Amino acid sequence: MLKSIELNGFKSFARKSEILIDSPTVAIVGPNGSGKSNVAEAFRFVLGEQSMKSLRCKRGEDLIWAGNKSIPRANRASVKVVFDNSNKILDIDFDEVVIERIVYRDGTNEYFINKSKVRLKDVVTLLASANIGSSGHHIISQGEADRILNATPLQRREILEDALGLRIFHYRKNEAFRKLKQTSVHIQEVEASIREIKPRFSFLQRQMEKRQKAQELKDSLKKEFSLYFTFENSYLQELESHIKNSKDIPKQKITSLEKEIETLKAKLAQLKQKPKQDKETEKELQKINKQIEKLQDRKNEILHLLGVLDGKLEVLPTGRQTNSQFTVSKEKLLFLRSLLSDLKISLSEASPAILKHSIEHAVSSLTKFLADFDLTGGQSVPNDISLQRQKILQQKTQLEKEKNEIDGQLKQLFDKRLALQKQEGQNKDDVYKIQIEIAQKSAQLQELKNEMNLLEIKEKELQERKSKFEEDVAEIIALGIRPVESNEKISAQEASALKNAIQKKKILLEELGSVDEAFVDEYKQVKERIEFLEGELADLKTSGTKLVQLIKDIDKELSLRFESGILKINEVFAEFFAILFGGGTAKLKLVKEDTQEDAKDGIEIAVAIPRKKVSTLEALSGGERALTSIALIFAMSQVNPPPFLILDETDAALDEANSRRYAEMIVKLSQKSQLILITHNRETMVSAGELYGVTMGADGVSKLLSVKLEEALSVAKS
Ligand code: ATP
């Protein structure tokens, strides 16, 4: 696959010089110091060698033609190698691949693949795909043949890995390591970022939970308050219209009664203008009237008090809340009672038959009415209020008792007065009647006024409840809740329970406080960020795990291939060794260099030369060392043949018999790899298909030319 190599300004090759490789074996011959090894180095150089030592110089500049009297020093050295890539041995889509490297005096290098400038890495990667590397297991420099014998077991392992084409696994492993390192740095960075925003996120999360809780509270508050709102609204409306309606009739009655009393009083005054009675009767009458008036006053007071007490009773909460509002009022009842007693009194004294009849009728119907009412009068009340109720009832009984006594006294006084008035005649009789009428109407008026008072008390209470309700509504609205009319109806008891629940929730809501709306957006952003970072972290961890696995897999694959490669090399090594030494054995052995568990096995070489008790490398002669290393190098090349092999005077130390064996093996090797042999050995020259001569004139410039075998043999060592 090697087609040609061209050197220009490289070391002693001051001018452009080219070797065309048309044969599987090319020998380069020439006198000492003519520049042959420079050709081998040109190969190393163009294939990317970075070790100056391997190129036998100190600096890049040393690689450039140093100049002489006639040819000035060059500014750059370049080597170009041409591969035939028609079988795609190099992983690139060209049938011919030209790799060029240029070094300048300042030490900078340039690399080209098919004239395109590339990086060193690109060259190394491309060549590695064809088992060609700068490490040089396929370029054996002068005196370096036994490098593999001198190496430590671990270095030997490296050379062998290289020869087996396992370098690529190391490269991949290093890549994986590098990525793993990068990944763990990224993991740390991402973890740091997460750590950094986590507290803020937790804070925002709490705010969102608070907000959610508040919203739930608000929702249930809205539902509950709407129920309560609907109930209270209609209750207040009903009560208001009821009170308003209840006021109409007593109001009218009061006005008409007041008028009637006025008229009666005027009539009375007129009657009193008439001639005076005899003085004693008059005096007596005045006294009685005063007593009556006093008693009447007390009675009115009692009636008022009874009214107030009844009012209290009514205001006291009962199990049947609305029932009492629609029953006959107690005041009316009282009035009826007093009317009854008055009527009874009048009845005993009235003379006209019609009056008597009507009064009798009234008495009977009132008696019946009261009897009926007394039957329904009792109401059950809750225990906690019953004490209060009892107290009021006691007061009432006492007042009623007093009233009955007064009634008795009044009856007596009325009797007495009637007797006196009879004496006074018809005039007095009229006066008396009017006075009774006035008294009755006054009592009626008082009852009505009491009733009005009671209604006003109720009205006041209604107003208070109304404004409390308005406050409640305002508070709920302030919390951002708008109550709505509900279709569901609830009882008063349910409403009261609901009011308590609402109160508790309101407190809870106030305690929760409000959440800044800006947090909502921030929460979304931070959440997105955290989720992104966590996703990234998971990805990084996954790829970290994958990389660790990849490294394990590479290691496994590497040691498998290595061990099987060693087995194969051993087979050929033993065979070649036996050929070169005319018997004996040689073997590569895996040895543990390190006690560490994951330490790699190194490679030891065990040899047994026929008829000699030699088993260590150190005990071998120079020639024996050369033979052993040739056997090993050739074995390596057989197992994993490199596309080409450059051997710089590897055959220098061989005697004639061994030179022949060496030449035989060369023929064998050339079936698998192209060979470029720098040699002084006649046998080697004979086995080569093509010969190049290197000459150097007095000017120190190396020249390359194709030579015939006979010409070559003239410089060969005998
Ligand atoms: P031998 O057969 O003795 O091993 P060789 O043919 O391999 O010799 P080289 O070692 O390749 O010879 O060539 C060495 C020659 O190259 C020396 O004469 C050295 O002065 C010359 N040389 C090396 N570097 C430069 C350079 N930069 N400019 C000019 N000449 C150089």
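Undergrad: What's the story with the sheet that holds strand β5 (residues 96–104) in this structure? I'm lost.
TA: Across a sheet, paired strands are connected by hydrogen bonds in the backbone, their directions being either parallel or antiparallel. With antiparallel pairing, six strands are arranged side by side in an open sheet as β2-β1-β4-β5-β6-β7. The strands lining the two open edges of the sheet, one partner per strand, are β2 (17–20) and β7 (116–118). For this sheet, the mean angle separating the axes of adjacent strands, direction not counted, is 20°. As paired strands, strand β1 (residues 2–8) and β2 are joined by four bridges and run antiparallel to one another. If you follow Leu7 over to β2, its bridge partner there is Ser17.

Undergrad: Explanation requested: the sheet that holds strand β3 (residues 25–29) in the structure shown.
TA: Strand order in the open sheet formed by six strands is β8-β11-β12-β3-β13-β14, and the pairing between neighbours is mixed. Where the open sheet ends on each side, the last strands, each with one partner, are β8 (139–140) and β14 (702–706). Across four bridges, β3 lies against strand β13 (residues 690–696) in parallel orientation. Paired with Ile28 across the bridge in β13 is Tyr692. Its contacts with the sheet place helix α1 (residues 36–46) against β3, β8, β11 (644–648), β12 (674–678) and β13, and it is angled at close to 145° to β11.

Undergrad: Even after reading the chapter, I still don't get the pairing of strand β6 (residues 109–113), so can you show me in this structure?
TA: Along any regular strand, the residues point their side chains to alternate faces of the sheet. A large share of β6 lies buried, amounting to four of its five residues. Here β5 pairs with β6 via five bridges, running antiparallel. Opposite Arg101, over in β6, you have Tyr111 as the bridge partner. Hairpin geometry of β5 and β6 is characterised by an intervening segment of four residues between the two adjacent antiparallel strands and by a positive phi of about 90° at Gly107. Of the strand pairs in this sheet, β6 and β7 are connected by three bridges, and their pairing is antiparallel. Its bridge partner being in β7, Phe112 is matched across the sheet by Lys117. Following β6, the chain reverses through two residues before pairing antiparallel with β7; Asn114 in that reversal takes a positive phi of roughly 45°.

Undergrad: What should I look at first to understand the nonpolar core in this one?
TA: As a rule of thumb, nonpolar side chains are buried together in soluble globular proteins. Ranked by internal contacts, the top residues of the largest apolar core, which has 50 residues, are Phe43, Phe83, Leu90 and Ile99. Tallying contributions element by element places α1 first for this core, with six residues. Other than its neighbours up to four places away in sequence, Ile99 contacts Val46, Val79, Lys80, Val81, Phe83, Phe112, Val123, Leu126 and Leu127. Ranked by size, the runner-up nonpolar core spans 47 residues in total, among them Ile609, Ala631, Leu632 and Leu669.

Undergrad: How should helix α13 (residues 622–639) be read in this particular structure?
TA: Side chains of residues three or four places apart in an α-helix project in the same direction, reflecting 3.6 residues per turn. For α13, built from 18 residues, the straight-helix expectation of 26 Å at 1.5 Å per residue is met to within 8% by its first-to-last C-alpha distance of 26 Å. Summarising burial for α13: 15 of the 18 residues are buried, a large majority.

Undergrad: Is there a simple way to think about empty space enclosed by the protein in this case?
TA: Gaps left between atoms show up when a probe the size of a water molecule is rolled over them. If you walk through the whole model with that rule in mind, you get four cavities of 30 Å³ or more. Its boundaries defined by the atoms lining it, the largest cavity holds a volume of some 80 Å³. In terms of lining, the largest cavity is formed by 13 residues, of which the most central are Ile140, Arg147, Ile148, Ile159 and Ile633. Mapped onto the lining of the largest cavity, the elements with two or more residues apiece are β8, α3 (147–150) and α13. Among the residues making up the lining of the largest cavity, the classes are represented as seven nonpolar, three polar and three charged.

Undergrad: Looking at this structure, I do not really get the packing of helix α4 (residues 153–163) against helix α12 (residues 518–581). What am I missing?
TA: When two helices pack together, their arrangement is given by the angle between the helix axes and by the axis-to-axis distance. Running from N to C, α4 and α12 cross one another at 90°; their axes reach a closest spacing of 10 Å. Judged by the angle between their axes, α4 and α12 are roughly perpendicular. Taken together, the residues of α12 that come into contact with α4 (itself represented by Arg157, Leu160 and Glu161) are Leu558, Phe562, Ile566 and Ile569. Tallied by class, residues from the contact of α4 with α12 come to five nonpolar, no polar and two charged.

Undergrad: Please clarify how the site of the ligand should be interpreted in this entry.
TA: Neighbouring the ligand are 19 residues, the closest being Asn32, Gly33, Lys36, Ser37 and Asn38. Between the ligand and the protein, one listed contact pairs an oxygen atom with a backbone N or O atom of Gly33 at 2.6 Å. Contact with the protein chains removes 73% of the 650 Å² of surface that the ligand exposes when unbound. For the shell around the ligand, the element with the highest residue contribution is α1, accounting for three residues. In the shell around the ligand, the residues fall into five nonpolar, nine polar and five charged.

Undergrad: I would appreciate a short explanation of helix α14 (residues 656–669) in the present structure.
TA: An ideal rise of 1.5 Å per residue puts 20 Å on 14 residues; α14 measures up with 20 Å between its terminal C-alpha atoms. Listed in full, the buried residues belonging to α14 are Asn658, Ser659, Tyr662, Ala663, Met665, Ile666 and Leu669. Down the axis, α14 shows its buried residues gathered within 165° of arc, on one side only. Exposed and facing more than 90 degrees away from the buried side of α14 are Glu656 and Glu664. Its buried side turned inward, α14 meets β3, α12, α13, β11, β12 and α15 (682–687).

Undergrad: Which parts of the structure should I look at to understand the pairing of β3?
TA: Most of β3 is tucked away, with five of its five residues classed as buried. Pairing geometry for β3 and β12, over four bridges, is parallel. Paired with Thr25 across the bridge in β12 is Leu675.

The rules behind these values
Residues numbered from 1 in each chain as written. Predicted model: local features only at pLDDT ≥ 70, side-chain atom pairs only at ≥ 80, totals over all residues. Heavy atoms only, no water. Pairing = 2+ DSSP bridges. Helix = DSSP H or I, 4+ residues; strand = E, 2+ residues; numbered from the N terminus. Axes fitted to C-alpha atoms, helices over the stretch in contact; angles between N-to-C directions. Contact = heavy atoms within 4.5 Å. Buried < 20%, exposed > 50% of the residue type's maximum accessible area, 1.4 Å probe, protein only. Core = buried A, V, L, I, M, F, W, Y, C linked by side-chain atoms within 4.5 Å. Expected span 1.5 Å × (residues − 1). 1 Å grid on protein atoms, 1.4 Å probe; cavity = no way out; pocket = protein on both sides within 12 Å on 5 of 7 lines; lining within 4 Å. Points joined across faces, edges and corners; volume = space filled by probe spheres on them. Nonpolar A, V, L, I, M, F, W, Y, C, P; charged D, E, K, R; others polar. Parallel < 35°, antiparallel > 145°, perpendicular 65-115°, else oblique. Near = heavy atom within 4 Å. Polar contact = N/O pair within 3.5 Å; in protein donor to acceptor, adjacent residues only side chain to side chain. Areas by Shrake-Rupley, 256 points an atom, 1.4 Å probe, with all protein chains shown as cover. Arc of directions from axis to C-beta.

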